[in-house]
Amino acid sequence: MGTYVITGGASGIGAAIRQQLQTEGHSVLVVDIQEADIVANLATDQGRRGAIAAILDATTDGLAGFIACAGVGSHVPDRALITAVNYFGAVELVVGLRERLAQNRAAVLLVSSNSAPMPTNPDYVQALLAGDEQTACAVAGQMESQPAYSGSKQALTRWMRRNTRDYAAQGIRMNAIGPGYTRTPLSAAVEDDPTYGDAIKQFIDSIPMGRPGLPQDMADVASFLLGDKATFICGAMLFVDGGHDAMLRPEAF
Ligand SMILES: NC(=O)c1ccc[n+]([C@@H]2O[C@H](COP(=O)([O-])OP(=O)(O)OC[C@H]3O[C@@H](n4cnc5c(N)ncnc54)[C@H](O)[C@@H]3O)[C@@H](O)[C@H]2O)c1
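Counting restarts for each chain, with residues numbered from 1 along the sequence as it is written. Side-chain atom pairs in this predicted model are given and counted only at pLDDT of 80 or more, local residue features only at pLDDT of at least 70, and totals for whole chains, interfaces and linings cover all residues. The side-chain numbers reported here are obtained from all heavy atoms of the structure, hydrogens and water having been left aside.

Participant: Would you mind showing me how to read the site of the ligand here?
Facilitator: Nearness of a residue to a molecule or strand requires only that one of the residue's heavy atoms be within 4 Å of it. Taken together, the neighbourhood of the ligand is formed by 30 residues, with S11, I13, D32, Y149 and T184 sitting nearest. Here a polar contact is recorded for every N or O atom pair within 3.5 Å, except that within protein the pair must consist of a potential hydrogen donor and a potential acceptor, and residues adjacent in sequence are included only if both atoms are side-chain atoms. Between the ligand and the protein, one listed contact pairs an oxygen atom with a backbone N or O atom of G12 at 3.5 Å. A distance of 2.9 Å is found between a nitrogen atom of the ligand and a side-chain nitrogen or oxygen belonging to N41. Secondary structure counts use DSSP, requiring at least four H or I residues in a row for a helix and at least two E residues in a row for a strand, with both numbered from the N terminus. Those elements that place two or more of their residues in the shell around the ligand are α1 (12-23), α7 (145-168) and α8 (185-191).

Participant: Which parts of the structure should I look at to understand the pattern of salt bridges?
Facilitator: Pairing between side chains of opposite charge can happen when the charged atoms of each approach one another. Any carboxyl oxygen of Asp or Glu within 4 Å of a side-chain nitrogen of Lys or Arg constitutes a salt bridge here. Within this structure, the stated rule accounts for six salt bridges. The partner of R49 in a salt bridge is D45, and the shortest N-O contact between them spans 3.1 Å. Linking R49 with D45, this pair stays in helix α2 (residues 45-58), spanning four residues, or about one helical turn.

Participant: Honestly, helix α9 (residues 197-205) in this entry has me stumped. Any pointers?
Facilitator: Helical periodicity: at 3.6 residues per turn, an α-helix aligns residues three or four positions apart in one direction. Note on exposure labels: buried denotes an accessible area under 20% of the residue type's maximum, exposed denotes more than 50%, and partly exposed covers the range between, all computed with a 1.4 Å probe on protein chains only. Looking only at α9, the buried set comprises G197, I200 and I204. Relative to the axis of α9, the buried residues are bounded by an arc of 60° and lie together on one face. Opposite the buried face of α9, at more than 90 degrees from it, the exposed residues are D198, Q202 and D205. Residue contacts follow a heavy-atom distance rule, with two residues in contact if any of their heavy atoms lie within 4.5 Å. On its buried side, α9 packs onto α8. By definition, the arc is the one covered by directions from the helix axis to the C-beta atoms.

Participant: Got a minute to help me understand the pairing of strand β2 (residues 27-32) in this structure?
Facilitator: Within a regular beta strand, the side chains point alternately toward one face of the sheet and then the other, so they alternate between its two faces. In terms of residue burial, β2 counts as a mostly covered element, since five of its six residues are buried. Each pair of strands is called paired provided DSSP finds at least two bridges between the two strands. By the bridge criterion, five bridges tie strand β1 (residues 3-7) to β2 in an arrangement that is parallel. Bridged to Y4 within β2 is V28. Between the parallel elements β1 and β2, the chain passes through α1 in a crossover that is right-handed. Pairing of β2 with strand β3 (residues 38-39), which is carried by two bridges, proceeds in the parallel orientation. When the sheet's bridge partners are listed, D32 is paired in β3 with V39. Handedness of a crossover is defined as follows: orient the strands so they point away from the viewer, and if the path from the first strand over the helix to the second runs clockwise, the crossover is right-handed.

Participant: I would appreciate a short explanation of helix α5 (residues 122-129) in the present structure.
Facilitator: Y124, V125, A127, L128 and L129 are the residues of α5 that are buried. For α5, the secondary structure elements touched by its buried residues are α3 (79-96), α6 (133-141) and α7. One side-chain oxygen at the N-terminal end of α5 lies 2.8 Å from the backbone nitrogen of D123; it belongs to N121. Backbone geometry just downstream of α5 places G131 in the positive-phi region, at approximately 75°.

Participant: Honestly, the packing of aromatic side chains in this entry has me stumped. Any pointers?
Facilitator: In this description, a pair of aromatic rings is defined by centroid distance and the angle of the planes. Between rings of Phe, Tyr and Trp, where Trp is taken as its six-membered ring, a pair exists when centres lie within 6.5 Å; planes separated by under 30 degrees are stacked, by over 60 edge-to-face, and by other angles tilted. If you walk through the whole model with that rule in mind, you get two aromatic pairs. Between Y87 and F88, the aromatic rings sit 4.9 Å apart at their centres with planes inclined by 85°, giving edge-to-face as the arrangement. For the pair Y87 and F88, a shared accessibility class is recorded, and that class is buried. Aromatic pair W159 and Y167: ring centres 5.8 Å apart, planes at 70°, arrangement edge-to-face. Per residue, the accessibility class of W159 equals that of Y167, and both read buried.

Participant: What's the story with the environment of V85 in this structure? I'm lost.
Facilitator: Within the secondary structure, V85 sits in helix α3. With a relative accessible area of 10%, V85 lands in the buried category. In sequence terms V85 and A70 are 15 residues apart; their C-alpha atoms lie 7.0 Å from each other. Beyond its immediate chain neighbours, meaning those up to four positions away, V85 contacts L42, A43, A70, G71, V72 and A90.

Structure below.
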């Protein structure tokens with residue numbers, strides 16, 4: 001039994017992962033802007049640095065794994081916020097916790113999205129991967145919310161793939177999941193969006209498995225990927241989306 005740290009563990013998918021890990025007997029520390037063991041605003045540099053310091057303080061006995069789940073959806077009009085939370089709020093914490101993660105050969109799980117492969121602005125993704133938050137936010141400000149959201153998740157997944165080897169060399173096993181449409185407060189807000197709502201409902205109807213995802217679907221996969229049965233899975237992006245990615249991109253894998 002170990003200690004896991006999860007961002008965004010106060011709600012939706014993160015709350016389900018937290019509960020699943022606790023049910024399995026692990027200790028879980030939640031980092032969130034609300035209802036958390038460590039309250040931090042991961043949209044800001046100061047909030048991220050405070051979160052890293054607090055996590056390091058709280059895990060001197062070791063860290064079994066880190067789950068970056070905090071995120072905001074495409075319904076959020078502020079594209080800079082999407083950029084700051086979804087990409088930098090995840091990547092900067094993994095980087096800041098790297099040595100602590102290496103101490104216990106810990107597992108990292110990034111909560112990406114099955115929208116990550118969708119078309120977006122390549123300049124945006126490049127700015128994210130370069131770690132240039134100012135430029136990324138400026139480019140995002142010129143984009144629609146949906147490609148900003150999917151671009152933030154594409155960059156997050158590519159960052160994981162690019163860094164898989166170096167982190168694995170320290171025993172840190174990084175993977176990502178790409179949830180499809182999953183019923184949570186975030187997705188409910190997207191469904192209610194006057195611009196995207198109708199398109200989203202049609203999108204849900206087209207899920208091959210005939211239903212939207214549930215937070216527990218993600219928690220079950222997270223538990224597997226973080227655990228002992230997945231020790232040779234490293235650098236993988238696992239779509240947990242009822243077949244949607246395969247339907248939309250049948251020739252790609
Ligand atoms: N729900 C879906 O359909 C879906 C699909 C694909 C990917 N995802 C991803 O799954 C993750 C969880 O989403 P969810 O649907 O459970 O959403 P949610 O809104 O239920 O939970 C998101 C959590 O992130 C926290 N958070 C938001 N901004 C923050 C900030 N600035 N600092 C710290 N914490 C912050 C929120 O307080 C909340 O607890 C997100 O990264 C999201 O992009 C969700």
